[in-house]
Amino acid sequence: MPRRTRGYPWGGAEPLRPTPPMNTRMKRCDALMTESAGRDGSPVRLQKILAQAGIASRRASEDLIARGRVEVNGKIVREMGVKVDPTTAVIRVDGTRIVLDDDLVYLALNKPRGYHTTMSDDMGRPCVGDLVADRVDAGQRLFHVGRLDADTEGLLLVTNDGEFSHRLMHPSYEVSKTYMATVTGVVGKGVGKKLREGIELEDGPAKVDQFAIVDVHEGRSLVKVVLHEGRKHIVRRILDEVGYPVESLVRIRFGAVALGDQRAGSFRKLNRKEVSDLYAAVGL
């Protein structure tokens, strides 16, 4: 007699798996329950957490669990009814972490040229804090991830997640940043190779991950630079070192997050995939 199968919303069919013995199910459930104490003092069913996070409907979330695609604190969970603490549990679906804390904020800001990367400025100069003042006034303690100098515009991440911010800026995780730079002069074909192999700056060697000439017009060149380190003025310094001073500089990507056509001075919330991809990039 052929095995029964069940269809899924995302296509395909999956054989129904045999239900583990009750004692096995209870042991696994108990192991997870020891960590449970939801925000109101009680644990929450895993499928409900997934549904509330917008991963799938509760029924579809049960199917994800049954197929072994959900992981809690490093362990794959297949049993229904397992309860966990959404404020402390690390939950992943298909290896991608699900962020459950509603209090955490992740913003992409398009910093205009002339704004300083500080949350306040004693000299009264325009700063990043001015652009998110409504959120700060509402009680959110926000800070920027790294910095862009006043003359550089483009993508700046703003958050209240300290560990997330620290890891994104730590050189060991090598999170890439992409810049578009307009430089003086017609960039020669050998410059990219030189920068990829590395050059020597006053504070040590530096190199780019990728380099491309995008356009040349009236004695100026538009180049794309991808690198993962974050030393002060690093893009300006390496281009100046090879003979092409920067006239304007825009950061267009930070890891998985792209600036796109976002208006200067505006900010938006990162979507679930962007946050999950950044978490994965720094081992969270």
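Each chain carries its own residue numbering, running from 1 in the direction its sequence is written. Totals for whole chains, interfaces and linings use all residues, but because this is a predicted model, local features are given only for residues with pLDDT of at least 70 and pairs of side-chain atoms are given and counted only at 80 or more. Hydrogens are left out, water is left out, and the side-chain values use all remaining heavy atoms of the structure.

A.B. asks: Tell me about a nonpolar patch on the surface, residues and numbers included.
C.D. replies: A contiguous nonpolar surface patch, about 230 Å² in accessible area, is contributed by Val 186, Ile 213 and Val 216. Relative to the elements of secondary structure, Val 186 occurs in the loop between β12 (177-184) and α7 (191-197). With a relative accessible area of 52%, Val 186 lands in the exposed category. Grouping into patches uses exposed residues only, defined as over 30% relative accessible area, and leaves out salt-bridged ones; the cut-off is 9 Å for like charges and 5 Å for nonpolar side chains (Val, Leu, Ile, Met, Phe, Trp, Tyr). Working definition of accessibility: Shrake-Rupley area with a 1.4 Å probe, residue cover restricted to the visible protein chains. Salt bridge, as applied in this entry: a Lys or Arg side-chain nitrogen positioned within 4 Å of an Asp or Glu carboxyl oxygen. Under the scheme used here, helices are H or I runs from DSSP no shorter than 4 residues and strands are E runs no shorter than 2 residues, and both carry numbers assigned from the N terminus. Here's how the labels work: a residue is buried when its accessible area is under 20% of the maximum for its type, exposed when over 50%, partly exposed in between, all with a 1.4 Å probe on protein chains only.

A.B. asks: Tell me about the sheet that holds strand β5 (residues 75-76), and please be specific about residues and values.
C.D. replies: Criterion used throughout: strands pair if DSSP finds at least two bridges between them. With antiparallel pairing, four strands are arranged side by side in an open sheet as β5-β4-β7-β8. Pairing within the sheet leaves two strands with one partner each, and these edge strands are β5 and β8 (96-98). Bridge analysis of strand β4 (residues 70-72) against β5 gives two bridges, and the strand direction is antiparallel. Across the sheet, Glu 71 pairs through a bridge with Ile 76, a residue of β5.

A.B. asks: Which residues make up the pairing of strand β9 (residues 106-111), and what values do they have?
C.D. replies: Burial runs high along β9: six of the six residues are buried. When β9 meets strand β11 (residues 152-159), the two strands line up antiparallel, connected through six bridges. Bridge pairing in β11 links Leu 107 to Val 158. Taken together, the three bridges between β9 and strand β19 (residues 267-269) define a ladder with antiparallel strand orientation. The residue of β19 that forms the bridge with Leu 107 is Lys 269.

A.B. asks: Describe the packing of aromatic side chains, and please don't skip the residues or the numbers.
C.D. replies: Note on ring pairs: Phe, Tyr and Trp rings are taken, using the six-membered ring of Trp, and paired if centres are within 6.5 Å. Classes follow the plane angle, with under 30 degrees stacked, over 60 edge-to-face and the rest tilted. Across all of its chains, the model carries three aromatic pairs by this definition. With a centroid separation of 6.2 Å and an interplanar angle of 75 degrees, the aromatic rings of Tyr 106 and Tyr 279 are classed as edge-to-face. Highlighted residues: Tyr 106 in strand β9 and Tyr 279 in helix α9 (residues 272-281), separated in sequence by 173 residues. The buried category is assigned to Tyr 106, whose relative accessible area is 7%.

A.B. asks: Which residues make up the side chain of Ser 165, and what values do they have?
C.D. replies: With respect to the helices and strands, the residue Ser 165 is situated in helix α6 (residues 162-169). Should any heavy atoms of two residues lie within 4.5 Å, those residues are counted as being in contact. With sequence-adjacent residues up to four places away left out, Ser 165 is seen in contact with Phe 143, His 144, Val 145 and Thr 159.

A.B. asks: Can you break down the nonpolar core residue by residue, with the values?
C.D. replies: Core analysis: the biggest nonpolar cluster contains 32 residues, and Val 183, Leu 195, Phe 211, Val 223, Val 225, Ile 238 and Leu 239 have the highest contact counts within it. Leave out the neighbours within four places in its chain, and Val 225 touches Lys 177, Thr 178, Tyr 179, Val 208, Gln 210, Phe 211, Ile 238 and Leu 239. Core analysis: the second largest hydrophobic core is formed by 17 residues, Leu 155, Val 257, Leu 278 and Tyr 279 among them. Residue types Ala, Val, Leu, Ile, Met, Phe, Trp, Tyr and Cys, when buried and joined through side-chain atoms within 4.5 Å, form a set referred to as a nonpolar core.

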